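Observations on the three-dimensional arrangement
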Amino acid sequence: MKGPLSVLTAVLLIAAASSQDASDYLLTGYSNPMSSSLAHQFFNLAATQNYLPSNGTQLMIQGYETRDDEEDLCQRDINRIRDGLNNLEEWAMEFPDTWGRLPIGLFWGHTISMGQYEECVAAESTYGTELRGQYCLASLNITTFYQKIKKRGHENPTARISYKQTDPQVFELGICVPKTCSATQTNDLLKTVISHFYGDDVVNLTQTMVTETRCKYDAPIELRGIDIFAIIFFSLIIFFMIAASVYDYVQTRNGAEKKPLFLAFSVLHNAPKIFTVKKVNNPNVIHCLNGLRCFSMMWVVFGHGYMTFYDLPHINKNKFYTWVETPYSMLVQNGSLCVDTFFFMSGLLMCWGAFRELERTKGKLNIPMMYFHRYIRLTPVVAVVVLYIMSLYKYSGEGPMWFKLGTQDKRCEDTWWATLLYVQNYAFPYSICISQSWYLAVDTQLYFLSPLFLIPLWKWGKKALVPIVIFLILCLGCTFATFMYNDFTLFRVQDDHVDLRQRLTYYPTHTRIPTWLIGVIFGYFLFTKNRGRQIKMSKPVVLAGWFVAFGTMLACMWGPYWRILPDTPDSPLIEGAFFEPLSRTSWALAIGWIVWACYNGHGGLVNDFLSWGFFTGFSRLTYCMYVIHRIVQLVNAARLQTDTHFSNYDAVLRWWHDFGITLTASIFATLAFEAPILGIEKAIFGGNKKPAAKKPTPGELARSAPVATPTPTAAVVEQEPEKKPVEEITADITPAPTPASVENPSNA
């Protein structure tokens, strides 16, 4: 092959190359515009060369004749396609037409040319035996090619920002071959064609280019046993919802008594619990937690959205390496702080709910029943998502990106049981079935450990705080030591061992205990010293508190930003080791001030906004949203069959897209699974409770002395609380019992 090496290699990688001979008459009347493409020449060469590799051997091509051997069907169909191309038959031209073409931005990270997946799998012809198309996403190792490129910046290192940027190793090319060709045969054929046209010094021909897992043709769906079970299960759930709703409507119309168990799946009965908002004045209600929960949930979806967004086939993917150096990127890079908001509120509500139960039962906590209620409240939604992933998920999409991103079901094959037992963060940290469910595992484990902290606090009060604080500091030290021992860096994008970092410092329960314990301690003081009263403070002190809280949050979010700038030296390891644990605890303390100030009437506009009734209804969907949103994002991304563009605007558009679908799916999941479980539990265990005393207003406090500890009552809540990702002290508008993790940990 003649011509400059750079031209030839680029032409090869972008799959739009032509041979010297073909290009000489490309625009003459002796050819068609496709005849010089790599796809066209693939079929031409494979059908006319002396040898056709098959199963590791070389078989002599004997022209266009039908053979009975299954191994030779591939050769037969390629010959037919070659002849069809020469005759300009449309069905045959569809095969090379679907191959990947010239990509835009190869040197900006666009290292994939997907071609036309749907056209390939739909391509067909009939020669007595059906000839159908098979799409394969081939991986061409281009390391050798990039090693020869004289990169910009050698003369002037500051001419181009290249933070953590590395040369691409693989170029992915969509190809279309007959479905009778196995992955091994296709791999050998592709290597033969590349070697013939471009030699052996451009693409590494020793590595496998085509594999069975990345090939797909249109075949009849064969339902597995678990698929049939899932279809029947979801059909029954829908039937129960319709039947219960009809029963509810008929009984209401006739004025007849309704049996609680029959109402469990009624949409007419459960929907008002989600969408009806009633503002209450109750000392057991912290309204601002609704807003904090909703914003944290939106932040989670936002951060996870960028994780998925990065994996899309961007035509300017290298833009990421400059994006990480922008202030805006800190919202994503330090987005894990929203998880600490959840852990803080979880600890606060765990302590508050347990103390209310201990107050009601005079110091007795039914721990086994507490664990039982927790498990049956959390698990149904998680189990349904696991079932969907292991069954119907594989039918949710297809295409080139599905080969790369639609692999969640493979992660669940061996790890589903750990997810249902909430031990996945330790058992399978590298292959968690529902990736974000590590939080549920950590919070559930903390819930099971909570009596070790709650009972001493109830019995000994402030004396128990000393060992708790010591334990908190030891856990902070554990995270610090882990960072130092493993040389973890300040930013995740700087780290060469991100998976190990996640396993050792992000997923483990012992690294999350400090933030949770801060919430427990805060809940202890809020319950014992502040419940039923509002503590007055001077305006300067309040303003100082807000200034320190917001300053702390800004420091946690953007404080380390200067370290990621290209002209700034990398931070020492000890800086990252201090920042990771201390930023989490500092963020929790700042959230604590917001909660305390809002509860005591010092929140102003912040409290008015966070306590907005809209957030009350929205917060009732957050648990299902948390469990579902990652699957929605992965399905939406894996279904893509066209190139995308990397920008913050495009990422926000995808966030709204994912958020809307997640919200819709969460409404259904709440009505179909979460609310019915609460209804069934109410029907079985009952839930007659006395109303709680109203929270005094500032005017009432001015006319009477504040009461430090109100008369013990059995707590009834005013809004239906969500169990996860954070529990809240809200009030249910119905007498149904609230989640055990929120209201009565030992309620039976």
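Residues numbered from 1 in each chain as written. Predicted model: local features only at pLDDT ≥ 70, side-chain atom pairs only at ≥ 80, totals over all residues. Heavy atoms only, no water.

**Some words on the environment of Gly477**
Basically, it comes down to this: Secondary structure follows DSSP: runs of H or I at least 4 residues long count as helices, runs of E at least 2 residues long count as strands, and numbering of each begins at the N terminus.
Along the chain, Gly477 falls in helix 22 (residues 465-486). Put simply, Gly477 and Ala577 are 100 residues apart on the chain and 9.3 Å apart in space, counted from C-alpha to C-alpha.

**Details of a nonpolar patch on the surface**
This is how the line gets drawn: Only residues whose relative accessible area exceeds 30% and that form no salt bridge are eligible for patches; like-charged ones are grouped when within 9 Å, while nonpolar side chains (Val, Leu, Ile, Met, Phe, Trp, Tyr) are grouped when within 5 Å. Only the protein chains shown count as cover for residues, with accessible areas throughout obtained via the Shrake-Rupley method and a probe of 1.4 Å. The salt bridge definition used is simple: a Lys or Arg side-chain nitrogen within 4 Å of an Asp or Glu carboxyl oxygen.
Judged by side-chain polarity, Ile221, Leu223, Ile228, Ile231, Ile232, Leu236, Phe239, Phe240 and Tyr395 come together as a nonpolar surface patch covering roughly 830 Å² of accessible area. Within the secondary structure layout, Phe239 lies in helix 9 (residues 225-254).

**Topic: the nonpolar core**
Worth spelling out the cut-off: Buried Ala, Val, Leu, Ile, Met, Phe, Trp, Tyr and Cys residues that are joined via side-chain atoms within 4.5 Å together make up what is termed a nonpolar core. Throughout this description, buried means an accessible area under 20% of the type-specific maximum (1.4 Å probe, protein chains only), exposed means over 50%, and partly exposed covers the range between. In this description, contact between two residues means that some pair of their heavy atoms is separated by no more than 4.5 Å.
Grouped together as the largest cluster of nonpolar side chains are 186 residues, with contacts concentrated most on Leu190 and Val595. Per-element accounting of this core gives the leading share, 15 residues, to helix 14 (residues 337-360). Leaving out residues up to four positions away in the same chain, Leu190 has contacts with Phe42, Trp99, Ala138, Leu140, Ile175, Met209 and Val210. Counting five residues, the second-largest nonpolar core is a separate cluster that includes Met330, Leu490, Phe491 and Ile564.

**Some points on the state of the cysteines**
What counts is decided by this rule: Whenever a pair of cysteine sulfur atoms sits within 2.5 Å, that pair is classed as a disulfide.
Applying the stated criterion across every chain, the model contains four disulfides. The partner cysteine of Cys412 in its disulfide is Cys433, sulfur to sulfur 1.9 Å. Given an S-S torsion of about 90°, the disulfide between Cys412 and Cys433 has right-handed geometry. Remark: Cys433 occurs in the loop between helix 19 (424-427) and helix 20 (438-449) and Cys412 occurs in helix 17 (residues 408-412); sequence separation between them is 21 residues. When sorted by exposure, Cys412 lands in the same class as Cys433, which is buried. Each disulfide of the protein chain joins two cysteines, and with those cysteines numbered along the sequence the arrangement is 1-5, 2-4, 3-6, 7-8. Take Cys288: it sits in no disulfide, and the sulfur closest to it among the cysteines is that of Cys598, at 4.3 Å.

**Examining the environment of Tyr485**
Mapped onto the elements, Tyr485 comes out in helix 22. Placed 92 residues apart in sequence, Tyr485 and Ala577 show a C-alpha to C-alpha distance of 9.7 Å.

**Quick word on the packing of aromatic side chains**
Note the cut-off: For this analysis, a ring pair means two rings from Phe, Tyr or Trp (six-membered ring only for Trp) whose centres lie within 6.5 Å, classed as stacked if their planes differ by under 30 degrees, edge-to-face if by over 60, and tilted for the remaining angles.
A full pass over the atoms with the stated rule returns 69 aromatic pairs. Taking 5.5 Å as the distance between ring centres and 85° as the angle between the ring planes, the aromatic pair formed by Tyr247 and Phe262 counts as edge-to-face. Taken together, the residues span a long stretch of sequence, with Tyr247 in helix 9 and Phe262 in the loop between helix 9 and helix 10 (267-275) at a distance of 15 residues. With 5.6 Å between their ring centres and 45° between their planes, Phe295 and Phe609 make a pair best called tilted.

**Here we look at helix 23 (residues 498-506)**
Operational definition: The directions from the helix axis to the C-beta atoms form the arc being described.
If you check which residues of helix 23 are buried, you get Arg501, Gln502, Thr505 and Tyr506. Axial view of helix 23: buried residues confined to an arc of 105°, hence all on one face.

**Considering the packing of helix 15 (residues 367-390) against helix 20**
How two helices sit against one another is set out by the angle between their axes and by the gap between those axes. Basically, it comes down to this: For helices, the axis comes from a line fit to the C-alpha atoms of the stretch in contact; other axes are also lines fit to C-alpha atoms, and the angle between any two N-to-C directions lies between 0 and 180 degrees. Roughly parallel refers to an angle under 35 degrees, roughly antiparallel to one over 145, roughly perpendicular to one between 65 and 115, and oblique to any angle outside these ranges. For this classification, Asp, Glu, Lys and Arg are treated as charged, while Ala, Val, Leu, Ile, Met, Phe, Trp, Tyr, Cys and Pro are nonpolar and the rest, including Gly, are polar.
Where helix 15 contacts helix 20, the two axes come as close as 11 Å, and the packing angle between them is 170°. With respect to each other, helix 15 and helix 20 are oriented roughly antiparallel. The segment helix 15 lies against helix 20, with Met370, Tyr371, Arg374, Leu378 and Val382 engaging Leu440, Asp443, Thr444, Tyr447 and Phe448. Grouping the constituent residues of the contact of helix 15 with helix 20 by class yields seven nonpolar, one polar and two charged.

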